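Residue strings, one per chain:
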Amino acid sequence: EIAQCLVGSEMCIETVILLKGELTLIEYSPFWNTLKNSTESTYTLITKYHVSSATIDKLRKNKPMNTTTLNDLCRIFDCQIQDICQYTPSNKDQHL
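As the structure is a computational prediction, the values presented were derived from the model and not from experiment. (Residues numbered from 1 in each chain as written. Predicted model: local features only at pLDDT ≥ 70, side-chain atom pairs only at ≥ 80, totals over all residues. Heavy atoms only, no water.)

It is not clear to me how the overall build of the protein chain should be interpreted in this structure. Could you clarify?
The helix and strand inventory of the protein chain stands at 4 helices and 4 strands. For the protein chain, with 96 residues in total, the buried portion stands at 34%. Counted over contacts in the protein chain with a minimum sequence separation of 6, partners at least 24 positions apart contribute 59%. (Helix = DSSP H or I, 4+ residues; strand = E, 2+ residues; numbered from the N terminus. Buried < 20%, exposed > 50% of the residue type's maximum accessible area, 1.4 Å probe, protein only. Contact = heavy atoms within 4.5 Å.)

Would you mind going over the packing of aromatic side chains with me for this structure?
The description of an aromatic ring pair uses the distance of the two centres, along with the angle that the planes make with each other. In the structure shown here, the tally under the stated rule is 2 aromatic pairs. Ring centres of F31 and W32 lie 4.8 Å apart, and the angle between their planes is 80°; on these two criteria the pair is classed as edge-to-face. The exposure class assigned to F31 is buried, which follows from its relative accessible area of 0%. Grouping aromatic residues by their ring pairs yields a cluster made of F31, W32 and F77. (Phe/Tyr/Trp six-rings, centres within 6.5 Å; stacked < 30°, edge-to-face > 60°.)

I would appreciate a short explanation of the side chain of T55 in the present structure.
Positionally, T55 belongs in helix α3 (residues 53–61). The exposure class assigned to T55 is buried, which follows from its relative accessible area of 12%. Not counting chain neighbours up to four residues away, the residues in contact with T55 comprise M65 and T69.

Would you mind going over the environment of T69 with me for this structure?
Considering the arrangement of structural elements, one finds T69 in helix α4 (residues 67–77). Between the C-alpha atom of T69 and that of V51, which follows or precedes it by 18 residues, the distance is 8.6 Å.

It is not clear to me how the environment of I81 should be interpreted in this structure. Could you clarify?
Relative to the helices and strands, I81 resides in the loop between α4 and β4 (86–87). Here I81 falls in the partly exposed class, since its relative accessible area comes to 38%. Once the C-alpha coordinates of I81 and F31 are considered, the two residues, 50 residues apart in sequence, prove to be 9.2 Å apart. Discounting residues that sit within four places of it in the chain, I81 has contacts with L70 and C74.

Listed below in structure tokens is the structure:
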């Protein structure tokens, strides 16, 4: 089930974490490929761009992230959203 929450004026989507083989719906593996293929590192993200270590942790653990942060990452890497995260549909999605 996807839980939604309001963070200030931003909407974030709670990701479903891998538990006993369940599918992660939104995950950040593309970010790690983008980072690897860039001249940046987690250190430069934190020191040069002021990305918090908590954000790096969220990326590592596929935790919820607001759209402002995703926008910032796209700007840093001059990339598209699919270079940061990906969505995989599942029959376990909540009914709309």
